[in-house]
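# A closer look at the structure
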Amino acid sequence: MTVTRTFSIIKPDATRRNLTGAVTKMLEDGGLRVVASKRIHMTKAQAEGFYAVHKDRPFFGELVDFMISEPVVVQALEGENAVLRNREIMGATNPAEAAAGTIRKTHALSIGENSVHGSDSDENAAIEIAYFFKDSEIVG
Ligand code: CMP
């Protein structure tokens, strides 16, 4: 059994609709443990830095504006093969393509307002967790 960590954001479309608990329950029911969590209102610089890999994509401005529009909940999650498990629980980026029972199929509004972000690799999970949390804020 390989216990690893991943990084999650409950996005503004979900916090706005008071879905923080509902989304977290789906993560927990899927076998992940919340080992760090905080509600923040991202600055523009924070969002641009976090999504820098997408800076040349046509939707970058829209993505940053959305992520700073209202509070988000950033979380570190722990579990067996956490990155993959979280991606299964979230479903496809586009909710129209997401499997039944996933967070995005259940709650997302569109490809942009898709309720959650999750890391795509162990390497990025470590970078993304460190972007928002100090080691002392993560309690396994
Ligand atoms: P996320 O996992 O947070 O990583 C990048 C985000 O860009 C992605 O989820 C989507 O919410 C967003 N995104 C991807 N494609 C599009 C698109 N075509 N239009 C708007 N946003 C997009």
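In this report, we go over the structure that sits alongside the text. Worth saying up front: this structure is predicted, and the values here are computed from it rather than measured.

As a further point, take the overall build of the protein chain. For the protein chain, the count of helices and strands is seven helices and four strands. Here the C-alpha atoms of the protein chain give a radius of gyration of 14 Å, agreeing with the 14 Å that 2.2 N^0.38 yields for 140 residues. The C-alpha extent of the protein chain, read off along each of the three principal axes, is 40 × 35 × 25 Å. Burial status across the protein chain gives 46% buried among its 140 residues.

As a structural note, the neighbourhood of the ligand is formed by Lys11, Tyr51, His54, Phe59, Glu62, Leu63, Thr93, Arg104, Ile111, Gly112, Asn114 and His117. For the ligand, an oxygen atom lies 2.5 Å from a polar atom in the side chain of Tyr51. With respect to the ligand, the backbone of Ile111 contributes an N or O atom lying 2.9 Å from an oxygen atom. When the ligand sits alone it has 460 Å² of accessible area, and the protein chains cover 80% of it. Counted by class, the shell around the ligand contains four nonpolar, five polar and three charged residues.

Spatially, the four strands line up as an open sheet ordered β2-β3-β1-β4, and their pairing is antiparallel. The sheet terminates laterally at β2 (33–40) and β4 (116–118), the two strands that pair on one side only. This sheet shows a mean twist of 20° between the axes of neighbouring strands, independent of strand direction. One ladder, built from seven bridges, connects β2 with strand β3 (residues 72–80); its direction is antiparallel. Bridging from a neighbouring strand, Val34 pairs with Leu77 of β3. Along the sheet, helix α5 (residues 82–90) makes contact with β1 (3–10), β3 and β4, crossing β1 at roughly 40°.

Bringing the pattern of salt bridges into the picture now. Summed over all chains, the structure comprises six salt bridges. The shortest N-O distance in the salt bridge between Glu88 and Arg85 comes to 3.0 Å. Placement of the pair is Glu88 and Arg85 together in helix α5, with a separation of three residues, close to one helical turn. Judged by its relative accessible area of 44%, Glu88 falls in the partly exposed class. Of the residues examined, Arg85 reaches a relative accessible area of 28% and is grouped as partly exposed.

Rules of the game
- Residues numbered from 1 in each chain as written.
- Predicted model: local features only at pLDDT ≥ 70, side-chain atom pairs only at ≥ 80, totals over all residues.
- Heavy atoms only, no water.
- Helix = DSSP H or I, 4+ residues; strand = E, 2+ residues; numbered from the N terminus.
- Rg over C-alpha atoms; globule rule 2.2 N^0.38 Å.
- Buried < 20%, exposed > 50% of the residue type's maximum accessible area, 1.4 Å probe, protein only.
- Near = heavy atom within 4 Å.
- Polar contact = N/O pair within 3.5 Å; in protein donor to acceptor, adjacent residues only side chain to side chain.
- Areas by Shrake-Rupley, 256 points an atom, 1.4 Å probe, with all protein chains shown as cover.
- Nonpolar A, V, L, I, M, F, W, Y, C, P; charged D, E, K, R; others polar.
- Pairing = 2+ DSSP bridges.
- Axes fitted to C-alpha atoms, helices over the stretch in contact; angles between N-to-C directions.
- Contact = heavy atoms within 4.5 Å.
- Salt bridge = Lys/Arg side-chain N within 4 Å of Asp/Glu carboxyl O.

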